[in-house]
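Each chain, written out:
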Amino acid sequence: MKNIKFSISNISPTDIKLVGDILKSGWLTHGKFTSLFEKEIKKFTGAKYAISVSSCTAGLHLSCLASGFKKGDEIIVPAQTHTATAHAVEYTGAKAIFSDVEPLTGNITLKEIKKRITKKTKGVIIVHMAGHPCEVDKILKFCKKNKIILIEDCAHAVGTFVKNKHAGNFGISGSFSFYPTKQITTGEGGAVITNDKKFYEKIKKLKAFGIDTDIKDRKKQGDYDVKSLGFNYRMTDFQAALGFKQLIKYKSNLKKRHLIAKRYIKNFSRTEEITHMPYSTNSSFFVFQVFCKKRDELLKKLKKEKIGVSVHYSKQLPKMTYYKNKYNLKAKNFINANDYGNTNISLPIYPKLKSIEVDRICKIIKNYLTYEK
Ligand SMILES: Cc1ncc(COP(=O)(O)O)c(C=O)c1O
């Protein structure tokens, strides 16, 4: 029985050789490939500015700081997301206000956001869960009207579009993740996009210690000033090279993701015990999520069959001890997030995944739900 991995990166032997060449060159950080990668991100997303960072969490943290979030502010975030979305808010001293999400997409909605608006609401962070586009255009309209800052957590959203515009271009910024299971990987890594020059300048400074002058712009070697506190959230040049090489071939990766998603949907079309994320031509299908009441038993079965799957995410954030101790929120306020957490399974989706492997995964799941449950 051959195992099927949950994720396989789209990295070729020439990409690996390039990383080796950079390592041999000795120029390991803020070099040629960092700017090439940032240029390619701008081209792919259509954003005016792109900044590579050490992770999506770093990008979200900087976006919250550059937005001026501070103690006393409330920022609405989905209850069903990675803990990084809420942590980014909490790092600034502001308070994360959790919102319930939509069943099947796991996305935050304008309706749920509206229920949580107070005088202290300064921002909203949305997530395009599993790569499925959020109703970000409606949310943006509302935020603009109410002077609320919108930030997009695009950790799952390389290749997600809303009305022909790439995700991350709606809010003041969009932060992407290049963690190993993501559509594109640099090991750890991320990028922030924005269309606001001032915001871009702020993020650029905050990302590199608060230093006010780029190496290339310094009149005298080593001459720069620091007027505010910053971090070291830079990405290395060999990581940037890996990201660059994957991004230039990402269009065909995305096409394959859609073909696989369609194959899953066709296979599951007559299985009542299982529901799945909706199909959208605008999705980037970071994973293919299915929902099933007997999730935990099914996970055991899939493990026995050597099928790599994941869960995004099992426990809604208000139930995590840190947030539970701090805010003591009632689970009944997040019914959909709770169901989502208890029933979701993320199935593999990547260009190297073969059709017969997709069919095998579906057959195991369907047989289990029909005969063994
Ligand atoms: C929705 C979401 N936001 C943020 C992050 C954090 O990304 P990173 O690991 O690049 O910091 C993740 C990680 O998977 C995520 O799923």
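Residues numbered from 1 in each chain as written. Predicted model: local features only at pLDDT ≥ 70, side-chain atom pairs only at ≥ 80, totals over all residues. Heavy atoms only, no water.

1. A word on the layout of surface pockets
A water-sized probe, rolled over the atoms, reveals where empty space remains. Estimates place the volume of the largest pocket at around 890 Å³. Lining the largest pocket we find 30 residues, and of these His-30, Glu-38, Lys-204, Asp-214 and Lys-216 sit closest to its centre. Breaking the lining of the largest pocket down by element, the ones donating at least two residues are α2 (32-45), β1 (49-53) and α7 (197-207). Broken down by class, the residue content of the lining of the largest pocket amounts to ten nonpolar, six polar and 14 charged. (1 Å grid on protein atoms, 1.4 Å probe; cavity = no way out; pocket = protein on both sides within 12 Å on 5 of 7 lines; lining within 4 Å. Points joined across faces, edges and corners; volume = space filled by probe spheres on them. Helix = DSSP H or I, 4+ residues; strand = E, 2+ residues; numbered from the N terminus. Nonpolar A, V, L, I, M, F, W, Y, C, P; charged D, E, K, R; others polar.)

2. Quick look at the packing of aromatic side chains
Applying the stated rule across the entire model yields 13 aromatic pairs. Aromatic pair Tyr-264 and Phe-268: ring centres 6.3 Å apart, planes at 5°, arrangement stacked. Like Tyr-264, the residue Phe-268 is buried in the burial classification. Ring geometry for Tyr-279 versus Phe-285: centroids 5.7 Å apart, planes at 25°, classification stacked. Residue class for Tyr-279 comes out partly exposed when judged on its relative accessible area of 30%. Here the guanidinium or amino end of Lys-165 rests over the ring plane of Phe-170, the centre of that ring lying 4.9 Å away. (Phe/Tyr/Trp six-rings, centres within 6.5 Å; stacked < 30°, edge-to-face > 60°. Buried < 20%, exposed > 50% of the residue type's maximum accessible area, 1.4 Å probe, protein only. Lys NZ or Arg CZ within 6 Å of the ring centre and 35° of its normal.)

3. Comments concerning the sheet that holds strand β8 (residues 173-177)
Spatial ordering of the open sheet is given by β1-β9-β8-β5-β4-β2-β3, a layout of seven strands whose pairing is mixed. Among the strands making up the open sheet, the edge pair consists of β1 and β3 (95-99). The mean inter-strand angle of the sheet, taken between neighbouring strand axes irrespective of direction, is 20°. Pairing analysis gives three bridges linking strand β2 (residues 74-78) to strand β4 (residues 121-127), with the strands arranged parallel. Pairing of Ile-76 across the sheet is with Val-124, part of β4. Contacts from α2 reach β1, β8 and β9 (190-194) within the one sheet, and its direction differs from that of β1 by about 130°. Docked against the sheet, helix α6 (residues 136-145) engages β4 and β5 (149-154), running at close to 155° with respect to β5. (Pairing = 2+ DSSP bridges. Axes fitted to C-alpha atoms, helices over the stretch in contact; angles between N-to-C directions. Contact = heavy atoms within 4.5 Å.)

4. Quick notes on the nonpolar core
Membership of the largest hydrophobic core comes to 31 residues, with the highest contact counts inside it found for Tyr-264, Phe-268, Phe-288, Leu-347 and Ile-365. Residue assignment for this core shows that the elements contributing at least two residues are α9 (250-267), β11 (288-291), α10 (295-304), β12 (344-347) and α13 (355-372). It is α13 that provides the largest number of residues to this core, a total of seven residues. For Leu-347, the residues in contact, after removing those within four places along its chain, are Phe-6, Tyr-264, Phe-268, Val-287, Phe-288, Val-290, Val-309, Ile-361 and Ile-365. With 24 residues, the next largest nonpolar core counts Ala-157, Ala-167, Phe-178 and Ala-241 among its residues. (Core = buried A, V, L, I, M, F, W, Y, C linked by side-chain atoms within 4.5 Å.)

5. Here's the deal with the state of the cysteines
If you walk through the whole model with that rule in mind, you get zero disulfides. Free of any disulfide, Cys-292 has its nearest neighbouring cysteine sulfur in Cys-362, separated by 13 Å. Taking relative accessible area as the criterion, Cys-292 reaches 3% and is therefore assigned buried. (Disulfide = S-S within 2.5 Å.)

6. Re the sheet that holds β11
Read from one edge to the other, the open sheet built from three strands follows the order β10-β11-β12, with strand pairing classed as antiparallel. For this open sheet the edge positions go to β10 (275-276) and β12, each flanked by a neighbour on one side alone. Sheet analysis places β10 next to β11, joined by two bridges and oriented antiparallel. Bridging across to β11, Thr-275 finds its partner in Phe-291. Docked against the sheet, helix α12 (residues 335-343) engages β11 and β12, running at close to 55° with respect to β12.

7. Considerations on the pattern of salt bridges
Counted under the stated rule, the structure contains 20 salt bridges. In this structure, the salt-bridge partner of Lys-207 is Glu-38, at a minimum N-O distance of 3.8 Å. Highlighted residues: Lys-207 in helix α7 and Glu-38 in helix α2, separated in sequence by 169 residues. For the pair formed by Lys-207 and Glu-38, the shared burial category is buried. (Salt bridge = Lys/Arg side-chain N within 4 Å of Asp/Glu carboxyl O.)

8. Some remarks on the domain arrangement of the protein chain
Split by domain assignment, the protein chain resolves into domain 1 (13-248) and domain 2 (250-372). The straight-line distance from the C-alpha centre of domain 1 to that of domain 2 is 25 Å. With 41 residues of domain 1 in contact, the opposing surface of domain 2 contributes 36 residues. A salt bridge links Lys-326 to Glu-90; the nearest nitrogen and oxygen atoms lie 2.5 Å apart. Across the domain 1-domain 2 interface, the total number found is 24 residue pairs in polar contact (both at pLDDT 80 or more). Taken together, the elements giving at least two residues each to the side of domain 1 that touches domain 2 come down to α4 (83-91), β3 and α8 (237-248). The class makeup of the residues in the side of domain 1 that touches domain 2 is 18 nonpolar, 16 polar and seven charged. (Domains from an automatic or database assignment. Polar contact = N/O pair within 3.5 Å; in protein donor to acceptor, adjacent residues only side chain to side chain.)

9. Some words on the site of the ligand
In the vicinity of the ligand there are 15 residues, among which Thr-57, Asp-153, His-156, Lys-182 and Tyr-313 approach most closely. With the chains in place, 92% of the 390 Å² that the ligand exposes on its own is no longer accessible. Those elements that provide at least two residues to the shell around the ligand are α3 (56-66) and α4. Partitioned by chemical class, the residues of the shell around the ligand number five nonpolar, eight polar and two charged. (Near = heavy atom within 4 Å. Areas by Shrake-Rupley, 256 points an atom, 1.4 Å probe, with all protein chains shown as cover.)

10. Considerations on empty space enclosed by the protein
One pass over the structure, following the stated rule, counts two cavities of 30 Å³ or more. The calculated volume of the largest cavity comes to roughly 110 Å³. In terms of lining, the largest cavity is formed by 18 residues, of which the most central are Ser-7, Thr-181, Arg-257, Ile-349 and Tyr-350. Along the lines of polarity and charge, the residues of the lining of the largest cavity split into ten nonpolar, six polar and two charged. When residues of the lining of the largest cavity are sorted by domain, at least three fall in each of domain 1 (13-248) and domain 2 (250-372). Considered as a void within the structure, the second largest cavity measures approximately 60 Å³ in volume. Looking at the second largest cavity, the residues that line it are Ile-41, Phe-44, Thr-45, Val-158, His-166, Phe-176, Phe-178, Ile-184 and Leu-247.

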